[in-house]
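Below are the chains, spelled out letter by letter.
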Amino acid sequence: MNSRTEQRIALISVHGDPAVEIGKEEAGGQNVYVRQVGEALAKLGWQVEMFTRKVSVEQQTIVQHSPNCRTIRLEAGAVEFVPRDNLFGYLPEFVDNFLKFQQENGFVYPLVHTNYWLSSWVGMQLKEIQGSQQVHTYHSLGAVKYNTIDTIPLIASTRLAVEKQVLETAKRIVATSPQEKEHMRSLVSTKGSIDIIPCGTDITQFGCIDRQAARALLGIDPEAKLVLYVGRFDPRKGIETLVRAVGESQFRGSEKLQLIIGGGSRPGHSDGMERDRIENIVAELGMNDFTTLPGRLSQEILPYYYAAADVCVVPSHYEPFGLVAIEAMASKTPVVASDVGGLQFTVVPEKTGLLAAPQDVAAFSCAIDRILANPQWRDELGQAARKRVETKFSWEGVASQLAQLYTKLLQEKPKDKNQESPEGIPREAILAS
Ligand code: UDP
């Protein structure tokens, strides 16, 4: 018997819905991660359910992605968008509805993989209530993030406490880079068990078209010196640094310089303020004639933008992993990134791109210009970048490492009361708790 086909796993991502369009409001890397890991695990024979919070009555409650993989939207509080910093109070209802879902379907998840600190709290309750084993991926660490922003939200102390608790109690923490693991150890706790399994990307989707074909399709000048940003509009993403750096480029005024800032919603959404701020800076610096903000780019069109670019810039103040960097690299486009977090792991300076100190406009400008000035070197960096992604960052590879981890944990004998096999617990007892 292939025991894998019997295995059921819940991926819990309360605020990052794996079935929504990516690139708008708060939807970014975590949504992509959960969706791609879910689909890749299903291909390996796992029965995968991805649990998230329903944010609109128009949303389907269940979205079937493939025969073994679906998104389940649970209600928690009003069915409307709530920013992640305001979600904590709704989590008990999320847990209740998760338990109800299990009861209605007649099974209990022996293992849950939680994503982001909010979901980690849900996972800790499920461990308490029914002995589910917990694997957790942070996606962002409060202890690092709060060092990079001016206004600390009210929820900060709760978040920091939950992040410490999950590190010390989860069966396994998945860090997506050695740098993230180091942050956990130095800033959160020396206790707990951490494995490093990176994020991945679709190496067939990205890298399927060459630069000139992509430019022809997008209507971009074949001679353009094209600088690209892709991502959410959030001050922590450092788009301002990029704009100011391109504003100082030696290629300014050559008529060939182009800056595309992809991502973001239409006006009126929660990320609109940052978009307005960036548009004002572009205007102030007199860069309107060579800068475009096309809004959210679908995953289907993104490979063309990455391929068309001479350089992709990831100027984040803090980045636990940074999917955009490996998507660009898979597309043979070198990356200029901030010298922080997971970007220090994915980008190899002078080999696949360049690193610059975060928020250092002059350093970014110089790094971008070095690549724009030397097309042959740009191509060499791009080739090496593609190779690095192929060997280290495919979703198939990531999912198979996660599958091995889950299998190992599920085969381990329970050591204490909280780690008893959930199959041994009567469902009535679970519901009574
Ligand atoms: N993304 C997208 N369209 C956009 C902007 C971003 O599909 O217009 C995707 C991008 O391709 C990547 C993800 O959103 O897969 C962003 O992930 P990353 O880890 O770089 O940043 P995060 O959003 O997690 O901070």
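Refer to the preceding data block for the structure.
Novice: So what's going on with unusual backbone geometry? Which residues, and what values?
Specialist: Phi at tyrosine 116 takes a positive value of approximately 75 degrees, unusual for a residue other than glycine. When you line up the elements, tyrosine 116 lands in helix α3 (residues 116-130). A positive phi angle, near 70 degrees, is found at histidine 139, a position not held by glycine. Position of histidine 139 relative to the elements: it lies in the loop between β6 (133-137) and α4 (142-145).

Novice: Give a detailed account of helix α13 (residues 361-372), specifying residues and quantitative values.
Specialist: With 12 residues, α13 extends 16 Å between its outermost C-alpha atoms, agreeing within 8% with the 16 Å of an ideal straight helix rising 1.5 Å per residue. Among all positions in α13, only Val361, Phe364, Ser365, Ala367, Ile368, Asp369, Ile371 and Leu372 are buried.

Novice: Mind laying out the packing of aromatic side chains, listing which residues take part and the relevant values?
Specialist: For the coordinates displayed, the defined rule picks out 13 aromatic pairs. Each ring, one from phenylalanine 98 and one from tyrosine 109, has its centre 5.5 Å from the other, and the planes form 45 degrees; the classification is tilted. Remark: tyrosine 109 occurs in the loop between α2 (91-105) and β5 (111-115) and phenylalanine 98 occurs in helix α2; sequence separation between them is 11 residues. In this structure, phenylalanine 98 and tyrosine 109 share a single accessibility class: buried. Seen from their ring centres, phenylalanine 345 and phenylalanine 393 are 5.6 Å apart, and the 85 degrees between their planes marks the pair as edge-to-face. Of this pair, phenylalanine 345 sits in helix α12 (residues 343-346) while phenylalanine 393 sits in the loop between α14 (375-392) and α15 (395-411), and the two are 48 residues apart along the sequence.

Novice: Quick one: what's the story with the state of the cysteines, residue by residue and with numbers?
Specialist: Applying the stated criterion across every chain, the model contains 0 disulfides. Free cysteine cysteine 312: the closest other cysteine sulfur is in cysteine 208, separated by 16 Å. Note on cysteine 312: relative accessible area 0%, which makes it buried. In this structure cysteine 366 is not part of a disulfide, and its nearest cysteine sulfur, from cysteine 312, lies 18 Å away. Using a relative accessible area of 46% as the deciding quantity, one classes cysteine 366 as partly exposed.

Novice: Run through the nonpolar core, naming residues and quoting values.
Specialist: Leu41, Val48, Tyr306 and Tyr406 are the most contacted members of the largest nonpolar core, which has 62 residues in total. When near neighbours in sequence (up to four residues on either side) are disregarded, valine 48 contacts Ile9, Leu11, Gly38, Leu41, Ala42, Asn68, Cys69 and Arg70. Formed by 42 residues, the second largest nonpolar core is a distinct cluster that contains Phe51, Phe101, Ala156 and Val162.

Novice: Hey, could you go over the site of the ligand for me, with residue numbers and the actual values?
Specialist: In the region of the ligand, 22 residues are neighbours, and Arg232, Lys237, Leu297, Gln299 and Glu327 sit closest. Between the ligand and glycine 29 there is a distance of 2.8 Å, counted from an oxygen atom to a backbone nitrogen or oxygen. Valine 324 places a main-chain nitrogen or oxygen 3.1 Å from an oxygen atom of the ligand. Bound to the protein, the ligand loses 94% of the 550 Å² it would expose on its own. Only α1 (29-43), α10 (302-308) and α11 (323-330) provide two or more residues apiece to the shell around the ligand. Along the lines of polarity and charge, the residues of the shell around the ligand split into 8 nonpolar, 8 polar and 6 charged.

Novice: Hey, could you go over the side chain of threonine 176 for me, with residue numbers and the actual values?
Specialist: Tracing the backbone shows threonine 176 in the loop between β7 (172-175) and α6 (178-188). For threonine 176, the contacting residues outside a window of four places in its chain are Thr137, Ile196, Ile197, Pro198, Cys199, Pro320, Phe321 and Phe345.

Thresholds applied
Residues numbered from 1 in each chain as written. Predicted model: local features only at pLDDT ≥ 70, side-chain atom pairs only at ≥ 80, totals over all residues. Heavy atoms only, no water. Helix = DSSP H or I, 4+ residues; strand = E, 2+ residues; numbered from the N terminus. Expected span 1.5 Å × (residues − 1). Buried < 20%, exposed > 50% of the residue type's maximum accessible area, 1.4 Å probe, protein only. Phe/Tyr/Trp six-rings, centres within 6.5 Å; stacked < 30°, edge-to-face > 60°. Disulfide = S-S within 2.5 Å. Core = buried A, V, L, I, M, F, W, Y, C linked by side-chain atoms within 4.5 Å. Contact = heavy atoms within 4.5 Å. Near = heavy atom within 4 Å. Polar contact = N/O pair within 3.5 Å; in protein donor to acceptor, adjacent residues only side chain to side chain. Areas by Shrake-Rupley, 256 points an atom, 1.4 Å probe, with all protein chains shown as cover. Nonpolar A, V, L, I, M, F, W, Y, C, P; charged D, E, K, R; others polar.

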